[in-house]
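# Chains, contacts and geometry: an overview
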Amino acid sequence: MRVRVGIIGGTGISTLLSRAVEKNVKTPYGKASDKVLLGDLSGKRVAFIARHGKKHEIPPHSINHRANIYALKSLGVKNIISTSSVGIINANIRIGDFIILDDFLDFTKKPYTFFDKFDKKPVHVDLTNPFSPKLREILIGVCKEKGYSFQEKGIYVNTSGPRLETPAEIRMFNNLGADVVGQTIVPEVILSRELGIEYASIAVGVNYACGISEKPLSYEEVEEGMKRKEKQLKEIIKEVVGRINS
Ligand code: HPA
């Protein structure tokens, strides 16, 4: 069976796969975050990568995003669904809401591209619809059917991490229109577009961002927030993968 769907996320999602085998995929960009896990889900053979490594040992700024996306591409992947946790900036979003991201602000501190050199012609990818409308529609449809609390849209601002943001930064991001903040998704969207892969992302709002929340943030809060939503998230992913054609 051909692999057409890739999933990038936390290790919890990998438990969805049956008949799973690990594959060491070589890339011209070095090592992916982990071996790619190939397994069955909803009648499809899918490829999964644990973004932060098997033991969550890779911090956001050290993730080899190019290797991750290239590895999936080289296996034949044409659609990527990713999951992540985010801090909430827009006070209308509730803790535990799923957010189907539709746009982004890039505040990473290094460029992410496969085109370090223009070989044949200049390449400046279009990002009018940064997240795949086709995959977003499926995600939204499934969230609606399941009746889970979710937001149909959300502007994601990406910082480099691993530190969290300051109150002034969050105020600025709020003024710029960002809804949620995270440290991983924007490189993946850009690189997927550069390789012609459909990419969409479902985020989980796990904490109010710095300054919006009165108390200091902790990683435990993020981890617990994700744990609480893991069962629902897995149900969504399972259903979504079944609905992806081509
Ligand atoms: N900031 C950045 N990334 C995050 C946050 C946050 O508050 N919560 C979860 N990921």
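Right, let's walk through the structure included here. (Residues numbered from 1 in each chain as written. Predicted model: local features only at pLDDT ≥ 70, side-chain atom pairs only at ≥ 80, totals over all residues. Heavy atoms only, no water.)

### A short note on the pattern of salt bridges
If charged atoms from side chains of opposite charge come close, those side chains can pair. Enumeration over the complete set of coordinates arrives at 17 salt bridges. Note that E22 and K54 form a salt bridge whose closest N and O atoms lie 3.0 Å from each other. Of this pair, E22 sits in strand β2 (residues 18-23) while K54 sits in the loop between β4 (44-50) and α2 (65-74); the two residues are 32 residues apart in sequence, bridging distant segments of the chain. Of the residues examined, E22 reaches a relative accessible area of 44% and is grouped as partly exposed. Take K54: its relative accessible area is 45%, and that puts it in the partly exposed class. By sharing partners, the salt bridges in this structure join E22, D34, K35 and K54 into a single network. (Salt bridge = Lys/Arg side-chain N within 4 Å of Asp/Glu carboxyl O. Helix = DSSP H or I, 4+ residues; strand = E, 2+ residues; numbered from the N terminus. Buried < 20%, exposed > 50% of the residue type's maximum accessible area, 1.4 Å probe, protein only.)

### Topic: unusual backbone geometry
Across the junction of G161 and P162, the peptide omega takes the value -5°, indicating a cis bond. Mapped onto the elements of the fold, P162 is located in the loop between β9 (155-159) and α4 (167-176). Even without being glycine, S42 reaches a positive phi, approximately 50°. Locating S42 in the fold gives a position in the loop between β3 (36-41) and β4. The exposure class of S42 is partly exposed, given its relative accessible area of 34%.

### Regarding the site of the ligand
Looking at the ligand, the residues that line it are S85, V86, G87, L164, E165, V181, G182, Q183, V206, N207, L217 and V222. One of the backbone N or O atoms of G87 is found 3.2 Å from a nitrogen atom in the ligand. E165 is positioned such that a nitrogen or oxygen atom in its side chain is 2.8 Å from a nitrogen atom of the ligand. When atoms are counted within 2 Å of each cavity's grid points, the one that captures over half of the ligand is the largest pocket. (Near = heavy atom within 4 Å. Polar contact = N/O pair within 3.5 Å; in protein donor to acceptor, adjacent residues only side chain to side chain. 1 Å grid on protein atoms, 1.4 Å probe; cavity = no way out; pocket = protein on both sides within 12 Å on 5 of 7 lines; lining within 4 Å. Sits in = over half its atoms within 2 Å of the grid points.)

### Things to note about the packing of α2 against helix α5 (residues 185-194)
Two packed helices can be described by the angle between their axes and the distance between those axes. Axis separation between α2 and α5 bottoms out at 10 Å; the angle between their running directions is 45°. The angle between α2 and α5 falls in the class oblique. At the point where α2 passes α5, the crossing takes the right-handed sense. Only P187, E188, L191 and S192 of α5 make contact with α2, whose side of the interface consists of H65, R66 and I69. By residue class, the composition of the contact of α2 with α5 is 3 nonpolar, 2 polar and 2 charged. (Axes fitted to C-alpha atoms, helices over the stretch in contact; angles between N-to-C directions. Parallel < 35°, antiparallel > 145°, perpendicular 65-115°, else oblique. Left-handed = near helix turned anticlockwise from the far one by under 90°. Contact = heavy atoms within 4.5 Å. Nonpolar A, V, L, I, M, F, W, Y, C, P; charged D, E, K, R; others polar.)

### Brief notes about the pairing of strand β1 (residues 3-9)
With 6 of 7 residues buried, β1 lies mostly within the body of the structure. With 6 bridges connecting them, β1 and β4 associate as parallel partners. Counterpart to V3 in the pairing with β4 is R45. Summarising the sheet, β1 and strand β5 (residues 79-88) pair through 4 bridges and their orientation is parallel. Residue pairing across strands places V5 opposite N79, the latter belonging to β5. (Pairing = 2+ DSSP bridges.)

### Quick look at helix α3 (residues 133-146)
Between its terminal C-alpha atoms α3 stretches 20 Å, which fits the 20 Å expected from 14 residues at 1.5 Å a residue. The inward-facing, buried residues of α3 contact β5, β6 (98-100), β8 (150-151), β11 (198-208) and α6 (219-243). Once α3 finishes, G147 follows within two positions and takes phi at roughly 75°, a positive value. (Expected span 1.5 Å × (residues − 1).)

Purely geometric numbers; function is a separate question.
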